[in-house]
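For reference, the chains in residue letters:
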Amino acid sequence: MVRHSDAFITLPGGYGTLEELLEVITWAQLGIHDKIVGLLNANKYYNSLLSFIDKAMEKASSISMLAKSSYLRQQKQSLSRNWGNMFLAMKELLRS
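Here is a short report on the structure shown in this document.

Here is what the cut-offs are and how they apply
- Residues numbered from 1 in each chain as written.
- Predicted model: local features only at pLDDT ≥ 70, side-chain atom pairs only at ≥ 80, totals over all residues.
- Heavy atoms only, no water.
- Helix = DSSP H or I, 4+ residues; strand = E, 2+ residues; numbered from the N terminus.
- Contact = heavy atoms within 4.5 Å.
- Areas by Shrake-Rupley, 256 points an atom, 1.4 Å probe, with all protein chains shown as cover.
- Phe/Tyr/Trp six-rings, centres within 6.5 Å; stacked < 30°, edge-to-face > 60°.
- Buried < 20%, exposed > 50% of the residue type's maximum accessible area, 1.4 Å probe, protein only.
- Pairing = 2+ DSSP bridges.
- Right-handed = clockwise from strand over helix to strand, strands pointing away.

## Focus on the overall build of the protein chain
Next, step 1: Within the protein chain one finds 5 helices and 3 strands.
Next, step 2: Ordered by position from N to C terminus, the α and β elements of the protein chain give β-α-β-α-α-α-β-α.
Next, step 3: Residue pairs at least 24 apart in sequence account for 69% of intrachain contacts in the protein chain once pairs closer than 6 positions are excluded.
Next, step 4: Accessible surface, the protein chain: about 6600 Å² in total, of which carbon and sulfur atoms supply 57%.

Dropping the structure here:
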């Protein structure tokens, strides 16, 4: 899948979708790919996930091991796009 893709867009979904999203983000961190990873945040579906990542980054600053590794910061940076609708996602991807 990674070799044949130009980018990854995560649509609203269930546990399997979330697992695939986190896997692709992890692969970006490990240097397996350097492709766009984005969320189709239709009807603010992923707002809670984005808030969770922000909160985890805040809390990590008080935990020296996580703060030093900046692991959560990398996770947030790996999630490089957050589109409100598919039209905006496709328009941006076609330009790049």
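Still more to cover.
## A short note on the packing of aromatic side chains
Next, step 1: In total, this model carries 1 aromatic pair according to the counting rule given.
Next, step 2: With 5.0 Å between their ring centres and 85 degrees between their planes, Y45 and Y46 make a pair best called edge-to-face.
Next, step 3: A relative accessible area of 43% places Y45 in the partly exposed class.
Next, step 4: You can call Y46 buried: its relative accessible area is 5%.

## Brief notes about the pairing of strand 1 (residues 7-10)
Successive residues of a regular strand alternate their side chains across the two faces of the sheet.
Next, step 1: Burial along strand 1 is one-sided: the face carrying F8 and T10 is buried and the face carrying A7 and I9 is not.
Next, step 2: Strand direction decides the pairing type here: strand 1 and strand 2 (residues 36-40), joined by 4 bridges, are parallel. Paired with I9 across the two strands is G38, which belongs to strand 2.
Next, step 3: As a crossover connection, the stretch from strand 1 through helix 1 (residues 15-30) into strand 2 is right-handed.

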